[in-house]
4 protein chains.
Amino acid sequence: MAKLQWGMIGGGEGSQIGPAHRLGALADGLFDFTAGALDHRPEAGREYGQRLGIAADRSYGDWKEMLEGEKKRGDDAIDLVTVATPNSTHFEITKAFLEAGFNVLCEKPMTVTVEEGEEIVKIVEKTGKICAVNYCYTAYPMVRQARAMVANGEIGNVRCVVTEFSHGHHGDATDAENPRVRWRYDPAMAGVSGQFADCGIHALNMATFICNDEVEKLSADFASCIPSRELEDDAMVNFRMSKGTVGRLWTSSVAIGRQHGFVIQVFGETGGLKWFSEQPNQLIYTPVGGRTQIIEKGEGGLYPEAERLQRVGIAHPEGFPLAVANIYCDIAAAIRGEERKDLPTAAAGARSMAAVHYSVASAKNGGEWVDARPPMFR
Amino acid sequence: MAKLQWGMIGGGEGSQIGPAHRLGALADGLFDFTAGALDHRPEAGREYGQRLGIAADRSYGDWKEMLEGEKKRGDDAIDLVTVATPNSTHFEITKAFLEAGFNVLCEKPMTVTVEEGEEIVKIVEKTGKICAVNYCYTAYPMVRQARAMVANGEIGNVRCVVTEFSHGHHGDATDAENPRVRWRYDPAMAGVSGQFADCGIHALNMATFICNDEVEKLSADFASCIPSRELEDDAMVNFRMSKGTVGRLWTSSVAIGRQHGFVIQVFGETGGLKWFSEQPNQLIYTPVGGRTQIIEKGEGGLYPEAERLQRVGIAHPEGFPLAVANIYCDIAAAIRGEERKDLPTAAAGARSMAAVHYSVASAKNGGEWVDARPPMFR
Amino acid sequence: MAKLQWGMIGGGEGSQIGPAHRLGALADGLFDFTAGALDHRPEAGREYGQRLGIAADRSYGDWKEMLEGEKKRGDDAIDLVTVATPNSTHFEITKAFLEAGFNVLCEKPMTVTVEEGEEIVKIVEKTGKICAVNYCYTAYPMVRQARAMVANGEIGNVRCVVTEFSHGHHGDATDAENPRVRWRYDPAMAGVSGQFADCGIHALNMATFICNDEVEKLSADFASCIPSRELEDDAMVNFRMSKGTVGRLWTSSVAIGRQHGFVIQVFGETGGLKWFSEQPNQLIYTPVGGRTQIIEKGEGGLYPEAERLQRVGIAHPEGFPLAVANIYCDIAAAIRGEERKDLPTAAAGARSMAAVHYSVASAKNGGEWVDARPPMFR
Amino acid sequence: MAKLQWGMIGGGEGSQIGPAHRLGALADGLFDFTAGALDHRPEAGREYGQRLGIAADRSYGDWKEMLEGEKKRGDDAIDLVTVATPNSTHFEITKAFLEAGFNVLCEKPMTVTVEEGEEIVKIVEKTGKICAVNYCYTAYPMVRQARAMVANGEIGNVRCVVTEFSHGHHGDATDAENPRVRWRYDPAMAGVSGQFADCGIHALNMATFICNDEVEKLSADFASCIPSRELEDDAMVNFRMSKGTVGRLWTSSVAIGRQHGFVIQVFGETGGLKWFSEQPNQLIYTPVGGRTQIIEKGEGGLYPEAERLQRVGIAHPEGFPLAVANIYCDIAAAIRGEERKDLPTAAAGARSMAAVHYSVASAKNGGEWVDARPPMFR
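Numbers given for residues are sequential positions, taken from 1 along each chain in its written order. For this description, chains carry letters from A and ligands carry numbers from 1, given in the order in which they are written. Totals for whole chains, interfaces and linings use every residue, but because this is a predicted model, local features are given only for residues with pLDDT of at least 70 and side-chain atom pairs only at 80 or more, for both listing and counting.

## Digging into the interface of chain B and chain A
Thinking step 1. With 37 residues of chain B at the contact, the number on the chain A side is 37 residues.
Thinking step 2. By definition, any uninterrupted DSSP run of H or I lasting at least four residues is a helix, any uninterrupted run of E lasting at least two residues is a strand, and each is numbered from the N terminus. Those elements that place two or more of their residues in the side of chain B that touches chain A are strand 6 (158-166), strand 7 (215-223), strand 8 (234-241), strand 9 (246-252), strand 10 (262-268), strand 11 (271-276) and strand 12 (282-287) of chain B.
Thinking step 3. In terms of residue count, strand 9 of chain B provides more of the side of chain B that touches chain A than any other element does, four residues in total.
Thinking step 4. Partitioning the side of chain B that touches chain A into residue classes produces 15 nonpolar, 14 polar and eight charged. Here, residue contact means that the backbone-derived C-beta atoms of the two residues sit within 7 Å. Three classes are used, and their members are as follows: Ala, Val, Leu, Ile, Met, Phe, Trp, Tyr, Cys and Pro are nonpolar, Asp, Glu, Lys and Arg are charged, and the others, Gly among them, are polar.

## Description of the environment of D:Gln265
Thinking step 1. Relative to the helices and strands, D:Gln265 resides in strand 10 (residues 262-268).
Thinking step 2. D:Gln265 gets classed as buried once you count the C-beta atoms within 10 Å, which come to 24.
Thinking step 3. Counting along the chain gives 251 residues from D:Gln265 to D:Gly14, while the straight-line C-alpha distance between them is 35 Å.
Thinking step 4. Beyond its immediate stretch of four places on either side in the chain, D:Gln265 contacts C:Ala255, D:Val162, D:Gly272, D:Leu273 and D:Lys274. A residue is called partly exposed when the number of other C-beta atoms within 10 Å of its own lies between 12 and 20, exposed at 12 or fewer, and buried at 20 or more, with C-beta atoms placed from the backbone.

## Topic: the pairing of strand 8 (residues 234-241) of chain C
Residues and elements named next belong to chain C.
Thinking step 1. Of all eight residues in strand 8, seven are buried, a share of seventy percent or more.
Thinking step 2. Note: two strands are recorded as paired if DSSP finds a minimum of 2 bridges between them. In this structure, strand 7 (residues 215-223) lies alongside strand 8, joined through eight bridges in antiparallel fashion. By the bridge assignment, leucine 218 is partnered in strand 8 with phenylalanine 239.
Thinking step 3. Of the pairings in the sheet, the one linking strand 8 to strand 9 (residues 246-252) comprises seven bridges and is antiparallel in character. Bridge assignment links alanine 235 to a residue of strand 9, and that residue is threonine 251.
Thinking step 4. A loop of four residues connects strand 8 with strand 9, the two strands running antiparallel in sequence, and glycine 244 in this loop sits at a positive phi of about 100°.

## Describing the domain arrangement of chain A
Residue and element names in this part refer to chain A.
Thinking step 1. Each domain span listed reflects an automatic or database assignment of domains. Parsing chain A into structural domains produces domain 1 (4-136) and domain 2 (138-318 + 328-364).
Thinking step 2. One C-alpha centre belongs to domain 1, the other to domain 2, and the line joining them spans 25 Å.
Thinking step 3. Contact residues are listed per partner, giving 28 residues for domain 1 and 24 residues for domain 2.
Thinking step 4. For the side of domain 1 that touches domain 2, the secondary-structure elements that each account for two or more residues are helix 1 (17-26), strand 4 (103-106), helix 5 (114-127) and strand 5 (131-133).
Thinking step 5. Tallying contributions element by element places helix 5 first for the side of domain 1 that touches domain 2, with six residues.
Thinking step 6. Partitioned by chemical class, the residues of the side of domain 1 that touches domain 2 number 20 nonpolar, four polar and four charged.

## Thoughts on the relation of the copies chain A and chain D
Thinking step 1. Here the copies were fitted onto each other by least squares, based on C-alpha atoms from residues at pLDDT of at least 70 in both. Of the transformation superimposing chain A on chain D, the axial component is 0.1 Å and the angular component is 180°, with the fit at an RMSD of 0.1 Å. Considering both components of the superposition, the chain copies are consistent with a two-fold axis.
Thinking step 2. An overlap of 97% is found between the interface residues of chain A and their copies at the interface of chain D, pointing to a shared contact surface.

## A closer look at the environment of C:Gly289
Residues and elements named next belong to chain C.
Thinking step 1. Locating glycine 289 in the fold gives a position in the loop between strand 12 (282-287) and strand 13 (292-296).
Thinking step 2. Accessibility expressed as a C-beta count within 10 Å gives 17 for glycine 289, which makes it partly exposed.
Thinking step 3. Taking the C-alpha atoms as reference points, glycine 289 and glutamate 177, separated by 112 residues in sequence, lie 51 Å from one another.

## Things to note about the relation of the copies chain B and chain A
Thinking step 1. When chain B is brought onto chain A, the operation consists of a screw motion whose angular component is 180° and whose axial shift is 0.0 Å, with 0.0 Å RMSD remaining.
Thinking step 2. In this assembly the copies share their binding face: 100% of the residues contributing to the interface of chain B also contribute to that of chain A.

## With respect to helix 12 (residues 346-364) of chain A
Three- or four-residue spacings in an α-helix give side chains the same orientation, since the helix completes a turn every 3.6 residues.
Residue and element names in this part refer to chain A.
Thinking step 1. Helix span, as expected, comes to 1.5 Å for every residue beyond the first. Counted at 1.5 Å a residue, the expected span for helix 12 with its 19 residues is 27 Å, and the 27 Å between its end C-alpha atoms agrees.
Thinking step 2. Within helix 12, 17 of the 19 residues are buried, which leaves it mostly tucked inside the rest of the structure.
Thinking step 3. Just downstream of helix 12, glycine 366 is the residue with a positive phi angle, here 65°.

## Some points on the sheet that holds strand 2 (residues 31-37) of chain C
Through backbone hydrogen bonds, the strands of a sheet pair up, either in parallel or in antiparallel fashion.
Residue and element names in this part refer to chain C.
Thinking step 1. Taking strand neighbours across the sheet as the criterion, the five strands line up as 2-1-3-4-5 in an open arrangement whose pairing is parallel. Strand pairing shows two members of the sheet lacking a second neighbour, strand 2 and strand 5 (131-133), which therefore form its edges. Taken over all neighbouring pairs, the strand axes of this sheet differ in orientation by 20° on average, direction set aside.
Thinking step 2. When strand 3 (residues 80-84) meets strand 4 (residues 103-106), the two strands line up parallel, connected through four bridges. Across the sheet, residue leucine 80 finds its bridge partner in strand 4, namely asparagine 103.
Thinking step 3. Here an axis means a line fitted to C-alpha atoms, over the contact stretch when the element is a helix, while the angle between two N-to-C directions is reported on a 0 to 180 degree scale. Contacting strand 1 (4-10), strand 2, strand 3, strand 4 and strand 5, helix 11 (residues 320-335) runs over the sheet at an angle of about 165° to strand 4.

## Topic: the sheet that holds strand 3 (residues 80-84) of chain A
All names here are of chain A.
Thinking step 1. Pairing within the open sheet is parallel, and its five strands lie in the order 2-1-3-4-5. What marks the edges here is a single partner per strand, and that holds for strand 2 (31-37) and strand 5. On average, each strand axis in the sheet is tilted by 20° relative to the strand beside it, whichever way the strands run.
Thinking step 2. Running at roughly 150° to strand 2, helix 1 makes contact with strand 1 (4-10), strand 2 and strand 3 of the sheet.

## Focus on the interface of chain A and chain D
Thinking step 1. Counting residues at the interface gives 29 residues for chain A, matched by 28 residues for chain D.
Thinking step 2. Going through the elements one at a time, helix 1 and helix 11 (320-335) of chain A are the ones with two or more residues in the side of chain A that touches chain D.
Thinking step 3. When residues of the side of chain A that touches chain D are assigned to their parent elements, the largest contribution, five residues, is made by helix 1 of chain A.
Thinking step 4. Of the residues belonging to the side of chain A that touches chain D, the class tally is 14 nonpolar, nine polar and six charged.

## Structural notes on the pairing of strand 12 (residues 282-287) of chain D
Residue and element names in this part refer to chain D.
Thinking step 1. By the bridge criterion, four bridges tie strand 11 (residues 271-276) to strand 12 in an arrangement that is antiparallel. Residue pairing across strands places glycine 271 opposite proline 287, the latter belonging to strand 12.
Thinking step 2. Turn length for the strand 11-strand 12 hairpin, with the two strands adjacent in sequence and antiparallel, is five residues.
Thinking step 3. Relative to strand 13 (residues 292-296), strand 12 runs antiparallel, the two being bridged by four bridges. By the bridge assignment, tyrosine 285 is partnered in strand 13 with glutamine 293.

Laid out in structure tokens, this is it:
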């Protein structure tokens, strides 16, 4: 099976996200890294691309050049482009590549506005191209196991989903003016939301992913625990899903002592599940009236959706970079025409960004309950 | 030092709460169990009291008889009465004993209405008698350590307090009509609130206790995850405290897999704390920018407020019954005239019950933010 | 049911063990504390006893005076005496009280020599009196559950038992000459063994208790990690039990970072168990080929041996002092004539002390395998 | 920087070890997979190699063919060969490639006999080629941090190291004749040792790695808990290191409930460390007299030896495959001429295999203490 061709926009030298995507894309030998526009400084990008082994004529100076260049290559162009640029540019680049017939993996948030999100969804429908959003936590084997257990009725109808994504790495007020921290709470750079758009959105998407359901309405409470911040660094969102599930989502960046702090608990009629991103290889399961059990990655009898994403045996931990790699595995399969229902879609990207927007509005209106869905999905 | 005399109302044979109070009161040899009206069936109560070693003439048939009997004894009467009867009777009994000059330890909730709570506060002010509420979780050594750390500025001003008290023991819909479960969600028996009044109230009080602050306003979202229930079995309450602290409180009785599930996290400007009722002998502390540390009950250098409540050495666990016993130790000291600022007061009882009431109202009004304080404290 | 009369020898003011026994004996209202010789200084002991509420004529100056005094009281004497004196005196006092017809709870180690241990066993046989040894960890509900599971074949024949009791509280060489630490490693005061006699003996007894089996032979490796110590502060003992079970026991007092560090794992043909003294309310169970489960104190369906020792509901932790109290409950029942097979016996005391002695010999002989049993049990 | 050329012997289709090595070698883009003899069936190996993207003329039928083929290529040959064949062939292949001037990464155990191990050490000295052994657990960032902390005196001289590698995956006697399990306990296929050679050897090597010391003498106790097994499935080894450190090592494959079960604790004069392979991103550290702290992968201020092996930020877990990848990173650097003192050497491979052999002898002689070192290192 020939390797697919992969390109990346953004993820330049010194970024955190570039290496994660490269490792994810290359880990399983499914892709060759054949094109890139890696830096907003054209020369730096071209030079870095070549250092990473990309041919000189495909080490582009910017995304437009790359789009033109790859289009001209016809069948010998990239099969997938990853968009890992600043948030405000995701929409424009993703749209352009999709419309030119390329498959896209877009970093979250897929867009900055609700309208843009809807537009991407429509373009995907029209073009039939793949547009995945990098909600990579959903690709841990034990998250897929959780989703499969819910889908197969192992915990009955889901009554309540409780999730949090709270860390303390922005909790030092003396560091708040550090530019690497500051921009996240500045509307000029981060848009309408700080911590919720950055981390909470993962938790929100995860709730819909595991429950295979959508958030319908919500009520939010936002706070800037460090008062100099215009945008929230702590948020609580209550929601309801379309099948009636009650949702609770807390996200914070001032929770000193929590490191990554992404947890999800799903409580159904006949059982409960708990998963924690810092120990991602275990899924805690309790049947109603029974004892809590530890489901281990690698144990016998897991659902195929989980099993096929495991690389090493039971209790050999697999971590974050391989969750990203799992997203690439699924995309590769989808490109080759296999069905991959677990891949995070443009619709998921649009819905979660809409929920951020409407949470902001709800919080401003004293926690008023509002519709959480993009208009097109109402 | 002569022992004090202790009596109990309620806590009859087969109850869970009776043995916990007896163990708590007697564990340290500070009290003798000399009077009781232990059962709503007068004969059963008298007989059981005598079996427990109470003299026949002080094994009373009901609380009124006990009040009269003890009043007549003058100096040889009980020094403390514990009220462990059904919730709806707490007010009447507590009021009567306080007004007759007795010290009272009342089970939570102290009263059913806000007005009753205010009345008890006033009676305490007038009589000068002790009225403690059995918020016994506040008496764990490591909770007292947390409170002392906050008071001493070890984590700076508290930005955010996040607490949950969620279990799954009422999560089985097939058991929901079991009378032992059912009454908690029936307004006729439980009043205005189900799970929040039962468990959430502990979490709410704990937040105020550790932060040494009061809840000023709140916004609530209630749900009956088992639809046949009139009262909530899952609730989220956002609140603000008087010093600006943001509060998040989740309580549930359908969280299958959580056993007791009482956790509190306190995030300040310069550090964070975490305490979990199921492993109560550790307090998790992280200084901003530093490593997470485990503070152990029994280690050197704890605050005196924690140290004096420890009975055995480091890493010898101490559990729930001794937390109750610590409440009794503090009451004994207070009766003897020592100052005990950590003892949960009638004001705390009144404030937390008011918060329950106003949460119900907020939840009914779509999460509207409301004043959480009893009118007398506004 | 009238209370039993209880007396204590040792456990004077300022000791750690005195309060633990008083709490244990009094917690359930089964005993009255009616006699004592609490201090090696007669006046201090008499005075302290009276302060604790013992009548003046039963606040004795030493154990011999107490023995005479109580003997004279006939039916109105103590029903049980606890021996909580320095180790070297356990034998003499225990023997004297047993021979005078009293029931005894002796602190561990029951005796200092193997011969003394055998003598106590014979006296118990002859007199029919109760002589329990305070292996109090065996009285945690979840330890009793483990023993019952093994007895009922839930994990099949036990192949291997692995236990450790390792802390780091004597790990500071700069504190090694502190008299409170030093005596433990000085043969003149501690006898033949340091850490193994102090902590390892609990682990060894626990292995026999849960497996309901006896240690038959052993091979030991002792080390003085702090070189100034004559006796060992770290020991490893391999052993075999009479039914063929392989045993591994590690004990250390220089394991900096471990607090109490008492763990036992039992591996059978069809399952494994794990219990940890610092989280004593859970028992971890894995059926062969199945998932690890958490058995909670208080859950439904526990064995009666565990269930009857629980005082509060599921996930309300119960700690060390109540394990001690459970020993007193069992003794009280045994005194009243009920059968209590789970109570640690004089034979257990003699066997575990013999294992200490023979471990010392094995370690001196390069780990030679030796018979671990007192001669009378060979 | 041009990629290095990498080849593998063994690791054919369906093996567990092949994918782990491929992922490890390719994850960071340091190597191209250009040659292989992947299967003991020549045709299957050639075909599989080509499917994995190896050129037809370098998809070899066996290792001898590969050795000849690569030798002929001169400068365009592989830079590194991984030997992932059955244990009994490691020596022959490793020796041949080293002598032909290739660098080798050999799976553990490096050889089957002590003499072979010594011979490899000598060949490495003579040829100056790299021969690393895949003790991949040593390449976790937090293990490197532990080693650096010890080297920098952060816990003082090491008094005691306690390690275990115990799982329960061979604990089912009804599955013992399953060929995939059976061979490990059959001397004809596994050599002198079962579980100790398979897993214990990792723990033993880890002890020497973190302490930067060597095992000097040992005393062992072996057991076949499943009696049909000729080789041990449970072993305890006590040892002493050259600087006086006391060692304790337990390994078992019948520890039902333990999954991977590789733990190491290092106790020094001024602190203790604990690391657990199932949560490899944390290192638990306790300074003497201080509180236990959690050191997190990714936190600020780690030693460079740890820091350079991290790929993603704090609390983003990294797992087993990336530990393997770290070995490849270090080898690549070493091939390029950088010093890599943390890479597991042929000497480490020889020493640990010798310790297995001498443990077998000790266990047969009743735990006799024996020299643990290969004769060449005495």
